[in-house]
Amino acid sequence: MPRPRKCRRIEGCPKASFFKPQGIPLRELTEVYLSMDGFEALRLSDYEGLGMEEGAERMHVSRHTFGRILGDARRVVAKALVEGLALHIAHDAQMPCFQLNPDRVAARKKELSMTKIAITSEGPNMTDRVDPRFGRAAGFVVVDLETMESTYIDNGGSQTLSHGAGIQAAENIINAGASVLLTGSVGPKAFAALKGGGVKIGHNMSGGTVADAVEAFKAGKVEFTDSPNR
């Protein structure tokens, strides 16, 4: 049985949730996600100049955990700077001091197509089975409910990642313009990324084909979740 996750203390909240290269519309950029605990570790270490031991104490975590969080956060920021990506400080609903920019939320919802749904799939066809995984799913079938035309997004790039597969997969779903995801289970980081991008998550969909999942959605039989289920 895994150890229960300890609560992490977040003292500082970001004044902005997005940072991006100048002159490029956000809708044209790939987003990378910085967690709130990553933001806090950066704030304590690189902004306030605290050492590892004091930073860990302030966050109520071990020194090892603080170092891992800080390292992951630095890699995310470095990736955004080097590759010219948009940096999104991911919202966590359990941290009421942090709220997404309402203008950005409205813009994202406007960009999403309310007729497109994405389904995690073991293959590119409607007859392929739903992949119960999200971050490491084989791919995603995106269906336009108005025309019933489908496209396939290969998720092989996310499968090779040692960390961040769920976040990368969430970027693929958001960039495809889908407003709904149907899958088996979603972890905490991917869940935050999807919800931050305005995507509704229907879970416990494993066991049938992609076509079955689409019909269940159209019939109103999909169970939507407000929290990670993995």
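Residues numbered from 1 in each chain as written. Predicted model: local features only at pLDDT ≥ 70, side-chain atom pairs only at ≥ 80, totals over all residues. Heavy atoms only, no water.

Inclusion rule: UniProt positions are given in the numbering used here, feature names are shortened, and annotations may be inferred rather than shown by experiment.
The name recorded for the protein chain in an unreviewed UniProt entry is UPF0251 protein SAMN05421830_101477, from Desulfomicrobium norvegicum. Check the Sequence similarities (unreviewed entry) section of the UniProt entry for the protein chain; it says "Belongs to the UPF0251 family."

## Here's the deal with the nonpolar core
Test applied: Throughout, nonpolar core names a set of buried Ala, Val, Leu, Ile, Met, Phe, Trp, Tyr and Cys residues whose side chains join them through atoms within 4.5 Å. Only protein chains enter the area calculation, which uses a 1.4 Å probe; residues under 20% of their type maximum are buried, those over 50% are exposed, and those in between are partly exposed. In DSSP terms, a helix is any run of H or I states spanning at least four residues, a strand is any run of E spanning at least two, and both are numbered starting from the N terminus. Contact definition: two residues touch when any of their heavy atoms are within 4.5 Å.
Phe-134, Phe-140, Ile-173, Leu-181, Val-186 and Leu-194 are the most contacted members of the largest nonpolar core, which has 21 residues in total. Per-element accounting of this core gives the leading share, five residues, to helix α6 (residues 165-175). When residues no more than four places from it in sequence are discounted, the contact partners of Leu-194 are Phe-134, Ala-170, Ile-173, Leu-181, Val-186, Val-199 and Ile-201.

## Focus on helix α2 (residues 52-59)
Worth spelling out the cut-off: To obtain the arc, one takes the directions from the helix axis to the C-beta atoms.
Every buried residue belonging to α2 is among Gly-55, Ala-56 and Met-59, and all of these are buried. Buried residues in α2, looked at end-on, bunch into an arc of 100°, giving them a common side. Opposite the buried face of α2, at more than 90 degrees from it, the exposed residues are Glu-53 and Glu-57. Against the buried residues of α2 lie α1 (36-47) and α3 (63-83).

## Describing the packing of aromatic side chains
Cut-off, in case you're wondering: Whether two aromatic rings pair depends on their centres lying within 6.5 Å, for rings of Phe, Tyr and Trp, where Trp uses its six-membered ring; planes under 30 degrees apart make the pair stacked, over 60 edge-to-face, and the rest tilted.
Counted according to the given criterion, the structure contains two aromatic pairs. Plain terms: the ring middles of Phe-134 and Phe-140 are 5.7 Å apart, the flat faces sit at 45° to each other, and that makes the pair tilted. Here the two residues Phe-134 and Phe-140 agree in accessibility, since each one is buried. Judged by centre distance (6.5 Å) and plane angle (80°), the rings of Phe-217 and Phe-224 are edge-to-face. Residue class for Phe-217 comes out partly exposed when judged on its relative accessible area of 21%. When its relative accessible area of 34% is taken as the criterion, Phe-224 is described as partly exposed.

## What about the environment of Leu-81?
Tracing the backbone through its elements, the reader meets Leu-81 in helix α3. With relative accessibility at 68%, the residue Leu-81 sits in the exposed group. In sequence terms Leu-81 and Pro-21 are 60 residues apart; their C-alpha atoms lie 8.6 Å from each other.

## Side note on α3
Test applied: For a helix, the expected span equals 1.5 Å multiplied by the residue count minus one.
With 21 residues, α3 extends 30 Å from end C-alpha to end C-alpha; this agrees with the ideal 30 Å at 1.5 Å per step. Listed in full, the buried residues belonging to α3 are Thr-65, Phe-66, Ile-69, Leu-70, Gly-71, Ala-73 and Ala-80. Close packing links the buried residues of α3 with β2 (31-34), α1, α2 and β3 (86-89).

## Things to note about the sheet that holds β3
Stated formally: By definition, two strands form a pair when at least two bridges between them are found by DSSP.
Pairing is mixed in the open sheet, where three strands are placed in the order β1-β3-β2. The sheet terminates laterally at β1 (18-19) and β2, the two strands that pair on one side only. As judged from the four bridges shared by β2 and β3, these two strands associate in the parallel manner. Among the inter-strand pairings, Leu-34 is bridged to a residue of β3, identified as Ile-89.

## Some words on the confidence of the model for the protein chain
As a reminder, the rule being used: Residue-level confidence of the predictor is what pLDDT reports, using numbers from 0 through 100.
Overall, the prediction assigns the protein chain a mean pLDDT of 82, with 81% of residues at 70 or greater. Note that residues 92-105 has pLDDT below 50 and, in this model, 21 contacts with residues that lie over four places away or in other chains.

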